[in-house]
Amino acid sequence: MALHVRRSGAREQGSRGAVVLIHGFPFDGSMWAPQLTALPPGWRGLAPDLRGFGRSDLDGGSDPGTGAADGAPVDDGSAAGVAGPAEAVLTMEGLADDVAALIERESVAPAVVCGLSMGGYVALALWRRRPELVRALVLADTRAEADTAEGRANRKRMAETARTSGSEAIARAMVPTLLSASTLESRRHVADQVAAMIQGTRPETLVAALEGMARRSDSTGLLGTVDVPALVVAGEADGLTPPAVARSLAEGLPRARLVVLPDAGHVSNLEQPAAFNEALRAFLDEL
Ligand code: MLT
């Protein structure tokens, strides 16, 4: 499985290290364009399309010779009830294994790993499985807790919408909840970009990732083991992972700093790219 990857910085320019940017749900690596172009000198950026998203296949089948790792989607017909018996599942662990393979293939270990929302779940799963690949963590608009029963019920409804009405219906439902009021009013290009990423995500990927997120384990007990520097970023107007959630995430991490970005919702890196980049740059400068 070779993920489609967007990059910045030539291999020989990565003298200070590499930042791997993991997108949220249901986006793709293009959401990190404002960060890829603004990394400080000496840093390489790698922004994969996670399995099933953007230009990466759901089954990894088109890339000969790599075989199916244990990151392959599984069809065990079970449990949380979001995916049906014949549908694939994208677990956070499987997505993390794909990111681990990318870090190893690119010879950039240990890398700074930055994940937004679902990307944060994947980053924490990577820490759980392969901490030696992680030099520092950036966790944006995300949480350590597993889904509540209500959260899982919402995912089930969303999966049904994806199956019956497709990705456009998901985009219509999600965009107003993802972005701050000020983004919706005055930064329409961001709303359009977010809507386009969602519309471009195949319904089977939506269902597979919804099931994977519904099944994800609670990571709050893991936070105390994160002995590398961490930056927690939160959009002040993030209604999905509000600043209070970010604060408790930062408090659980032994070496974390919290930055709250005004006028940003859940996609804070796109809604306030300059402020996000400033926080990221300051963090990288201290590593
Ligand atoms: C995301 O932006 O990745 C999602 O909000 C994550 C989730 O649905 O839990």
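Residues numbered from 1 in each chain as written. Predicted model: local features only at pLDDT ≥ 70, side-chain atom pairs only at ≥ 80, totals over all residues. Heavy atoms only, no water.

As for the overall build of the protein
Inclusion rule: Helix and strand definitions follow DSSP, with helices as H or I runs of at least four residues and strands as E runs of at least two, each counted in order from the N terminus. Our radius of gyration looks at C-alpha atoms and nothing else; its globule reference is 2.2 Å times the residue count to the power 0.38. For every residue, the accessible area obtained with a 1.4 Å probe (protein chains only) is divided by the maximum for its type, and the residue is called buried under 20%, exposed over 50%, and partly exposed between those limits. What makes two residues a contact is simply this: any of their non-hydrogen atoms within 4.5 Å. With residues, only the protein chains shown are counted as cover, and all accessible areas are computed by Shrake-Rupley using a 1.4 Å probe. The charge count includes Lys and Arg as positive and Asp and Glu as negative, but it does not include His or the ends of the chains. Just so you know, the charge point we use is NZ for Lys, CZ for Arg, CG for Asp and CD for Glu.
Within the protein, the secondary structure is distributed over 10 helices and seven strands. A globule of 287 residues ought to have a C-alpha radius of gyration of about 19 Å, and the protein, at 17 Å, matches this closely. Overall, the protein is about 50 × 45 × 35 Å in size when its C-alpha atoms are taken along their principal axes. Burial analysis of the protein (287 residues in total) assigns 54% to the buried set. A separation threshold of at least 6 residues defines the contact pool for the protein, and within that pool the share at least 24 residues apart is 79%. Per element, the accessible surface of the protein, about 11,100 Å² overall, is 51% carbon and sulfur. Of the charged side chains in the protein, 28 are positive and 36 negative, and the gap between their average positions amounts to 2 Å.

Considering the site of the ligand
Quick note on the threshold: We call a residue near a molecule or strand whenever a single non-hydrogen atom of that residue lies within 4 Å of it. Here a polar contact is recorded for every N or O atom pair within 3.5 Å, except that within protein the pair must consist of a potential hydrogen donor and a potential acceptor, and residues adjacent in sequence are included only if both atoms are side-chain atoms. Note on residue categories: nonpolar means Ala, Val, Leu, Ile, Met, Phe, Trp, Tyr, Cys or Pro, charged means Asp, Glu, Lys or Arg, and polar means any other residue, Gly included.
Around the ligand, the surrounding shell consists of Gly24, Phe25, Ser117, Met118, Tyr121, Arg155, Met213 and His266. The contact in question runs from an oxygen atom of the ligand to an N or O atom on the side chain of serine 117, over 2.9 Å. Side-chain polar atom of arginine 155 to an oxygen atom of the ligand: 2.8 Å apart, as the coordinates give it. Of the residues assigned to the shell around the ligand, the class counts are four nonpolar, three polar and one charged.

Let's talk about the sheet that holds strand β2 (residues 17-22)
Put simply, the rule reads: Strands are treated as partners if at least two bridges between them are detected by DSSP. Every axis in this analysis is a line fitted to C-alpha atoms, fitted for helices over the stretch in contact. Angles between the N-to-C directions lie between 0 and 180 degrees.
Reading across from one edge, β1-β3-β2-β4-β5-β6-β7 is the order of the seven strands in this open sheet, with mixed pairing throughout. Edge positions in the sheet fall to β1 (5-8) and β7 (256-261), since each has one partner strand and no second. Direction aside, neighbouring strands of the sheet carry axes that sit 20° apart on average. Taken together, the six bridges between strand β6 (residues 230-235) and β7 define a ladder with parallel strand orientation. Bridging from a neighbouring strand, glycine 235 pairs with leucine 261 of β7. Where helix α2 (residues 92-105) meets the sheet, its contacts fall on β1, β2, β3 (43-48) and β4 (111-116), and the angle it forms with β2 comes to roughly 155°. Each of β5 (134-140), β6 and β7 is contacted by helix α8 (residues 243-252), which is oriented at about 170° to β6, the strand it contacts most.

Let's talk about the pairing of β3
With six of six residues buried, β3 is to be regarded as a mostly interior element. Side-chain alternation along β3 places Trp43, Gly45 and Ala47 on one buried face and Arg44, Leu46 and Pro48 on a second face that is also buried. As defined by bridge partners, β1 adjoins β3 across four bridges and the pair is classed as antiparallel. If you follow valine 5 over to β3, its bridge partner there is proline 48. Alignment of β2 against β3, held across four bridges, turns out to be parallel. Residue pairing in the sheet places glycine 17 in a bridge with tryptophan 43 of β3.

Quick notes on the packing of aromatic side chains
Short version of the rule: Only rings of Phe, Tyr and Trp enter the pairing, Trp through its six-membered ring, and a pair is recorded when the two centres are within 6.5 Å. The plane angle decides the type: under 30 degrees is stacked, over 60 is edge-to-face, the rest tilted. The criterion is that NZ of a Lys, or CZ of an Arg, lies within 6 Å of the ring centre and within 35 degrees of the ring normal, and then a charge sits over that ring.
For the structure on display, the rule yields two aromatic pairs. Aromatic pair phenylalanine 25 and phenylalanine 53: ring centres 6.5 Å apart, planes at 85°, arrangement edge-to-face. Taken as a pair, phenylalanine 25 in the loop between β2 and α1 (33-36) and phenylalanine 53 in the loop between β3 and α2 lie far apart in primary sequence, 28 residues in all. Both residues of the pair, phenylalanine 25 and phenylalanine 53, count as buried. Seen in terms of ring centroids, tryptophan 32 and phenylalanine 276 are 6.1 Å apart; in terms of plane orientation they differ by 50°. Their pairing is tilted. Linking tryptophan 32 in the loop between β2 and α1 with phenylalanine 276 in helix α10 (residues 273-285), this pair joins segments that are 244 residues apart in sequence. One residue, arginine 216, lies across the ring of tyrosine 121, its end atom 3.8 Å from the ring centre.

With respect to α2
Just so we agree on the cut-off: Helix span, as expected, comes to 1.5 Å for every residue beyond the first.
Under the 1.5 Å per step criterion, the end-to-end length of α2 is 20 Å for 14 residues, consistent within 8% with the ideal 20 Å. The buried fraction of α2 amounts to 10 of the 14 residues, a majority that puts the element mostly inside the structure. When we look at burial in α2, the residues that qualify are Met92, Gly94, Leu95, Ala96, Asp97, Asp98, Val99, Ala100, Leu102 and Ile103. For α2, the secondary structure elements touched by its buried residues are β1, β2, β3, β4, α3 (118-129) and α7 (203-215).

Quick word on the pattern of salt bridges
Note the following rule: Each reported salt bridge corresponds to a side-chain nitrogen of Lys or Arg within 4 Å of a carboxyl oxygen of Asp or Glu.
All chains considered together, the criterion is met by 17 salt bridges. The residue glutamate 106 makes a salt bridge to arginine 7 at a minimum N-O spacing of 2.9 Å. Highlighted residues: glutamate 106 in the loop between α2 and β4 and arginine 7 in strand β1, separated in sequence by 99 residues. On the basis of relative accessibility, which here comes to 6%, the residue glutamate 106 falls in the buried class. Arginine 7 gets classed as partly exposed once you look at its relative accessible area, which sits at 44%. Of the charged contacts in the structure, one is a salt bridge between arginine 188 and aspartate 192, with a shortest N-O distance of 3.9 Å. Taken together, the residues span about one helical turn, with arginine 188 and aspartate 192 both in helix α6 (residues 188-199) at a distance of four residues. According to the relative accessible area criterion, aspartate 192 is partly exposed, its value standing at 46%. Each of Arg7, Arg44 and Glu106 takes part in salt bridges that share partners, so that together they form one network.

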